[in-house]
Amino acid sequence: YPIQKIAIVGSGSWGTALARIAALNAAEKKASFIFQIFSGFDHEVRMWVREREIPGQGLLTEVINSTHENHRYLPDVSLPHNLVAVPDLVEVVKGATLIVLVVPHQFLTPVLDELSKPGVLAPGARAISAIKGVEVAGDEIYTFPWLIEKKLGIPCSALGGANIAMEVAQSEFCETTIGVPSSDDAALWHAVFDSPMFRVHPIEDVAGVSLSGALKNVVALAAGFVDGMGYGGNTKAAILRIGLLEMAAFTKEFFPSSSSLTFSHHSAGVADLITTSFGGRNRKCAEAFIKSGKSFAQLEHELLKGQKLQGVVTAEEIYKFLQARGRTEGYPLFTKVYKISFEGMDPKTLFDDL
Ligand code: NAD
Ligand code: 13P
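Axis separation between helix α8 (residues 206-228) and helix α15 (residues 332-342) bottoms out at 10 Å; the angle between their running directions is 65 degrees. In this structure, α8 meets α15 at a crossing whose hand is left-handed. Along its contact with α8, which presents L215, V218, V219, L221, A222 and F225, the element α15 presents L333, F334, V337, I340 and S341. Class assignment of the residues belonging to the contact of α8 with α15 gives a composition of 10 nonpolar, one polar and no charged.

Turning to the environment of A85, a few remarks are in order. By secondary structure assignment, the location of A85 is in strand β5 (residues 83-86). It is 9.9 Å that separates the C-alpha atoms of A85 and S66, two residues lying 19 residues apart in sequence. Every residue in contact with A85, bar those within four places of it in the chain, is listed here: M47, V49, T61, I64 and N65.

The biggest cluster of nonpolar side chains holds 43 residues, and the ones touching the most others in it are F225, F250, F296, F334 and L350. Mapped onto this core, the elements with two or more residues apiece are α8, α9 (233-254), α12 (281-292), α13 (296-303), α14 (311-324) and α15. Examining the composition of this core, we find that 11 residues originate from one element, α8, more than from any other. Among residues more than four places away in sequence, those in contact with F334 are L215, V218, V219, E246, M247, F250, I318 and L322. A17, L79, A186 and V192 belong to the second largest nonpolar core, which has 42 residues in total.

Take the site of ligand 1 next. The environment of ligand 1 is made up of 22 residues, and the closest members are W14, K132, A165, K308 and Q310. A distance of 3.1 Å separates a nitrogen atom of ligand 1 from a polar side-chain atom of R50. Within the side chain of Q310, one N or O atom sits 2.7 Å away from an oxygen atom of ligand 1. Its free accessible area being 840 Å², ligand 1 has 87% of it covered by the protein chains. Here the shell around ligand 1 takes three residues from helix α1 (residues 13-28), the largest share from any one element. The residue makeup of the shell around ligand 1, split by class, is 10 nonpolar, eight polar and four charged.

Right, let's get into the site of ligand 2. Around ligand 2 lies a shell formed by K132, G161, N163, I164, K216, D272, T276, G280, R281 and N282. Between ligand 2 and the protein, one listed contact pairs an oxygen atom with a backbone N or O atom of R281 at 2.7 Å. Among the detected pockets, ligand 2 sits in the largest pocket. The residue makeup of the shell around ligand 2, split by class, is one nonpolar, five polar and four charged.

For the rest of this paragraph, the subject is the packing of aromatic side chains. Per the stated rule, a full pass over the model turns up 15 aromatic pairs. Taken together, a centroid distance of 6.0 Å and an interplanar angle of 40 degrees make the contact between F225 and F289 tilted. Of this pair, F225 sits in helix α8 while F289 sits in helix α12; the two residues are 64 residues apart in sequence, bridging distant segments of the chain. Assessed through its relative accessible area of 0%, F225 is described here as buried. Considering the side-chain rings of F250 and Y331, the 5.7 Å spacing of their centres and the 75 degrees angle between planes classify their relative orientation as edge-to-face. In this pair, F250 is assigned in helix α9 and Y331 in the loop between α14 and α15, connecting sequence segments 81 residues apart. Y331 matches F250 in its accessibility class, with the two residues each being buried. Here the aromatic residues F250, F254, F321, Y331 and F334 are joined through ring pairs into a cluster of three or more. One Lys or Arg, K236, reaches over the ring of F278 and ends 4.1 Å from the middle of that ring.

What counts as what
Just so you know, the residues in each chain are numbered from 1, in the order the chain's sequence is written. Going through the entries in the order they are written, you letter the chains from A and number the ligands from 1. This being a predicted model, a pLDDT of at least 70 is required before a residue's local features are given, and a value of 80 or more before pairs of side-chain atoms are given or counted; all residues contribute to the totals for chains, interfaces and linings. Calculation of side-chain values draws on the structure's entire complement of heavy atoms; hydrogens and water are dropped beforehand. For helices, the axis comes from a line fit to the C-alpha atoms of the stretch in contact; other axes are also lines fit to C-alpha atoms, and the angle between any two N-to-C directions lies between 0 and 180 degrees. Helix numbering and strand numbering both begin at the N terminus, where a helix is a DSSP run of H or I of at least 4 residues and a strand a DSSP run of E of at least 2. Crossing handedness: left-handed means the near helix sits turned counterclockwise from the far one by under a right angle, and right-handed means the same turn made clockwise. Contacts were defined at the residue level, with two residues in contact if any of their heavy atoms lie within 4.5 Å. Basically, the charged four are Asp, Glu, Lys and Arg, the nonpolar ten are Ala, Val, Leu, Ile, Met, Phe, Trp, Tyr, Cys and Pro, and anything else, Gly included, counts as polar. In plain words, nonpolar cores are sets of buried Ala, Val, Leu, Ile, Met, Phe, Trp, Tyr and Cys residues tied together by side-chain atoms within 4.5 Å. Relative accessible area decides the class of each residue, using a 1.4 Å probe on protein chains only: under 20% of the type maximum gives buried, over 50% gives exposed, and in between gives partly exposed. Only a single heavy atom is needed: when it lies within 4 Å of a molecule or strand, its residue is near that molecule or strand. Here a polar contact is recorded for every N or O atom pair within 3.5 Å, except that within protein the pair must consist of a potential hydrogen donor and a potential acceptor, and residues adjacent in sequence are included only if both atoms are side-chain atoms. Accessible areas in this description were obtained via Shrake-Rupley with a 1.4 Å probe; residue shielding takes into account the shown protein chains only. Residues are called lining when one of their atoms sits within 4 Å of a cavity or pocket point, these points coming from a 1 Å grid over the protein atoms alone, where a cavity is a set in which a 1.4 Å probe fits but cannot get out and a pocket is an open set with protein on both sides within 12 Å along at least five of seven lines. The way we define it, a molecule is inside a pocket or cavity when more than half of its atoms are within 2 Å of that pocket's grid points. A pair of Phe, Tyr and Trp rings is counted when the ring centres sit within 6.5 Å of each other, with Trp represented by its six-membered ring. The angle between the planes then sorts it: under 30 degrees is stacked, over 60 is edge-to-face, the rest tilted. For a ring to carry a charge above it, either NZ of a lysine or CZ of an arginine must fall within 6 Å of the ring centroid while also lying within 35 degrees of the normal to the ring plane.

Function-wise, these values are silent; they only describe arrangement.
Structure follows, in structure tokens:
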């Protein structure tokens with residue numbers, strides 16, 4: 001492989017945290033780790049930023065590039081100087097061989113439309129999706145790596161794990177899982193992201209990693225409901241156990257080639273479910289939903305400061321898919337989360353018939 005060039009498509013809290021790690025690794029080159037298959041990274045890592053005016057400060061990209069900090073989505077974290085914020089998506093991926101897709105899942109379609117235009121992607125490019133969500137169309141369900149592969153015609157891996165963005169950005173020790181379609185993808189993406197405090201474990205289950213990241217957000221809403229109703233650790237642990245079983249069963253039923261070990265053994269499974277259900281945004285908003293009676297849209301606006309809530313959209317998508325397949329009764333927890341969130345069902349019914 002020639003010198004690899006990394007592009008980060010997305011600059012929210014997780015996008016910026018991943019960009020920071022990739023840029024630090026690119027600056028170190030890291031070629032010696034996998035000298036047999038590639039010869040190092042291009043020093044500059046570009047990150048796509050949706051341009052906006054920051055009152056009193058100027059354009060967001062200019063602020064990020066002059067202060068080396070993303071004040072809006074990852075405040076008080078220094079970013080490496082070789083990480084460059086760029087407002088034009090086509091410019092970001094120009095010449096890039098390793099493309100990290102990390103926009104909130106509801107905004108991916110226009111990004112893929114732009115990237116799929118002729119001549120935009122470099123020959124031999126690969127992608128990885130760090131997006132936690134799914135795409136549902138009637139009785140069909142697609143993972144994002146699958147959609148990205150189809151739409152862009154390039155191999156796509158999945159990255160997911162117990163990774164609250166701010167904790168990762170502050171270099172607190174954690175792990176992540178990458179689901180890869182080939183050993184070359186494993187080696188390259190490992191080189192992009194692995195570092196002493198962010199340990200990367202490649203596995204062959206792309207669909208399992210991607211689905212786990214989406215489904216755990218639905219279970220994290222249930223965990224937030226439990227907190228909102230004032231129950232303790234026993235109840236939350238029971239909900240997480242039942243939720244984990246539904247996550248694994250769903251994946252086995254609709255993506256039979258994926259592995260149940262992804263859920264039980266890897267950071268993308270049980271570990272991500274735990275951290276999100278204790279420290280994540282989905283949990284936080286679900287607790288406030290019960291306590292305040294406000295809508296999720298209002299709570300997202302009030303509590304997340306421009307960050308995006310993924311689990312509520314996913315709960316609706318999963319419910320609609322299960323309904324279309326006539327399988328809601330097989331997934332009582334997912335179904336209850338939808339009905340409490342969207343149909344005004346009494347949260348106390350969460351425990352009925354589980
Ligand atoms: P975020 O929740 O911080 O959202 C902010 C981002 O959304 C910004 O880049 C903003 O420009 C963009 N955005 C807002 N409105 C938009 C629009 N109309 N069109 C396009 N973009 C728009 O983003 P994030 O935390 O980086 O999340 C990206 C993905 O990473 C999600 O799927 C999330 O589940 C996943 N993830 C997040 C975390 C975390 O701790 N934040 C950890 C792991 C995975
Ligand atoms: P939230 O979106 O609930 O904050 O979850 C973040 C996450 O995916 C941690 O791995």
